[in-house]
Amino acid sequence: MLLNIKNLHVSVGGKEILKGLNLGVNEGEIHAIMGPNGTGKSTLAAAITGREGYEITEGEIWYKGKNIVGMSPEDRANEGIFLSFQYPVEIPGVSIQNFMRTAVNSKREYQGLPALSTIDFMKKMKEKQAMVEITEKLQNRFVNVGYSGGEKKKNEIFQMAMLEPSLAILDETDSGLDIDALRIVANGVNQLHNKDNAFVVITHYQRLLDYIVPDFVHVMYDGRIVKSGGKHLAIELEEKGYEWIKEMNL
Amino acid sequence: MFTVMEFLENNIVVERNRYRQLVVIDDTEHLQAQEEHCDIVVDENAQLEMYRIQNLDNTASLKTHIHIHQQRNSRVHFVVISFNAGDLHNHIEVDIDGEGCETQVYGLYLVDKKQHVENYLKINHNVPHCNSDTRFKGIMDDEATAVFNGHVYVAPGAQKTDAQQNNANIILTSTAKIDTKPFLEIYADDVKCSHGTSTGQLDQEVMFYMRQRGISMANARMLLMYAFAAEISNHIKIDSLHETIDDMIKRRLRGELSSCDHCVLHCSKPVGIRNKTV
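Rules and cut-offs
- Residues numbered from 1 in each chain as written.
- Chains lettered and ligands numbered in written order.
- Predicted model: local features only at pLDDT ≥ 70, side-chain atom pairs only at ≥ 80, totals over all residues.
- Heavy atoms only, no water.
- 1 Å grid on protein atoms, 1.4 Å probe; cavity = no way out; pocket = protein on both sides within 12 Å on 5 of 7 lines; lining within 4 Å.
- Points joined across faces, edges and corners; volume = space filled by probe spheres on them.
- Nonpolar A, V, L, I, M, F, W, Y, C, P; charged D, E, K, R; others polar.
- Pairing = 2+ DSSP bridges.
- Helix = DSSP H or I, 4+ residues; strand = E, 2+ residues; numbered from the N terminus.
- Axes fitted to C-alpha atoms, helices over the stretch in contact; angles between N-to-C directions.
- Contact = heavy atoms within 4.5 Å.
- pLDDT = per-residue confidence, 0-100.
- Buried area = accessible area lost by both parts, 1.4 Å probe.
- Salt bridge = Lys/Arg side-chain N within 4 Å of Asp/Glu carboxyl O.
- Polar contact = N/O pair within 3.5 Å; in protein donor to acceptor, adjacent residues only side chain to side chain.

Caption draft 1: Molecular detail of empty space enclosed by the protein. Within this structure, the stated rule accounts for 2 cavities of 30 Å³ or more. In terms of lining residues, the largest cavity is bounded by Ala77, Asn78, Gly80, Ile81, Phe82, Lys107, Leu163 and Pro165 of chain A together with Arg213 and Gly214 of chain B. Residue classes in the lining of the largest cavity are distributed as 5 nonpolar, 3 polar and 2 charged.

Caption draft 2: Representation of the sheet that holds strand β3 (residues 30-34) of chain A within the structure. All names here are of chain A. Read from one edge to the other, the open sheet built from 6 strands follows the order β6-β9-β10-β3-β11-β12, with strand pairing classed as mixed. The sheet is open, and its two borders are formed by β6 (81-84) and β12 (224-229), each paired with just one other strand. Direction aside, the axes of adjacent strands within the sheet are offset by 20° on average. The pairing of strand β11 (residues 216-221) with β12 spans 5 bridges and is classified as antiparallel. Following the sheet pairing, Val219 is matched in β12 by Lys227. Lying on the sheet, helix α5 (residues 149-163) is in contact with β6, β9 (167-171) and β10 (198-202); it crosses β6 at an angle near 170°.

Caption draft 3: Seen up close, the confidence of the model for chain B. Residue and element names in this part refer to chain B. With 88% of its residues at a pLDDT of at least 70, chain B reaches an overall mean of 88. Ranking the elements of chain B by mean pLDDT puts helix α4 (residues 265-268) last, at 44, and strand β9 (residues 116-125) first, at 97. This model gives residues 259-278 a pLDDT under 50, and the stretch forms 50 contacts once residues within four places in sequence are excluded. Interface confidence for the predicted complex, given as ipTM, is 0.96, next to a pTM of 0.84.

Caption draft 4: Summary view of the interface of chain A and chain B. At the junction of the two partners, chain A supplies 30 residues and chain B supplies 16 residues. Summed over both sides, the interface of chain A with chain B buries roughly 2,000 Å², with 63% coming from carbon and sulfur. The largest contributions to the chain A side of the interface with chain B come from Arg51, Glu74 and Val89 of chain A, which together make up 26% of the buried area. With a closest N to O distance of 2.8 Å, Glu205 of chain B and Arg51 of chain A form a salt bridge. The interface formed by chain A and chain B contains 13 residue pairs in polar contact (both at pLDDT 80 or more). Elements supplying a minimum of two residues to the side of chain A that touches chain B: α2 (73-78), β6, β7 (91-95), α3 (96-110) and α5 of chain A. Broken down by element, the side of chain A that touches chain B gets its largest block of residues, 5 residues, from α3 of chain A. Residue composition of the side of chain A that touches chain B, by class: 15 nonpolar, 10 polar and 5 charged.

Printed below as a string of structure tokens:
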């Protein structure tokens, strides 16, 4: 199993957000995590990626056979965990080209590989930008500075393509996207998906799942996964609304 | 240990319609204390591009007083970069005495240990229709302290003045201190003036974003600090000097530059002249 989360309890500022979450993800699978606001979906992403301030009070996160609780965010990233941020941050003064070159070569160094040559790097960058229909003009701009909402999300998928993760978590990647950008983003994800990697797609709406078809759908409520099923669960959820889940858990 | 005290006085005139570049490098191989006065006149339609690179021994003291007088349609572009400070005071005053002038003063100070740097800046808009832009940035580490004192004066009748002033600081430790006072004094009503100051630590959101991409904490800090500093060093228009200073900033941020006991310019020698004007 690629990712195996057991009885995960996470507190933020002393308040318990995740209350015993279990999740198993195999290579080649796409999992969707749905649920109303404030149920801990983004906290789950933060805990898997090792964000500071998210205290794991109980439970384990096994990834590629290692319990990664306590591992630094950069080591987790270099082990192949990628997060597409809900709100990608702006980094004034750092070009996307310089940023990505540093990131790609950090991973290569971690793997004991030599740094990519400038030519190979530029070639790869061009190829991956084309995949998400990012114009080359963006490469000399500062990371996310002055990007539109859609460009920011496309830029996340571009970075994902550059870093070729084993486990990609997409945190509300569909929010703020028009239908064209949504299609481009989904298309990028589908191109990257193969039998050796897995995706965890956190979303509020079923809309994205028309384009990225999940093998499993999990519904989160109050810090736990309360219902799991196939892709039809997302449709059922869309029809019945989250009230259905809330009523079930009262 | 011997002490050398120097007192320098310079008078410089950039004549009408001339374009002059001036590079001044302060280092302290033997100097312990120095005070310097420099009076510069930039005549009508003349342009002065001036760079001052300061890299002092941690125990040295340097006080500079630069007074620039600008005549009609003149331009001043002044960049001062302080790598190591010891005890450093820069007093820069610009009197804009003729219409149609442009004044740009940019500063960067990178200080650590117990170093201390003070920048006093006064821009006097004495006449209408002139622009000034002053930006100073600092990165403070260890127990370093700094003062930024910026003063823009707009005289009565100096209409259509456009004056911008900004001071931004990154503080890396809880023991480093910055005292920043940007100040506007305006006696004309049809002007565009702004001032701002920001002081903070490296943005934790940005740090996490970079680390999530596999970039180590040390490298993420370096990238951010370099980006912050480069916004000032990018104003150096002499390519070879820009390259050298960029290189020095990178080494300084890696902690290599401060380890040079006397003078880093022995390694780099961008122009090969010290304590002299070119």
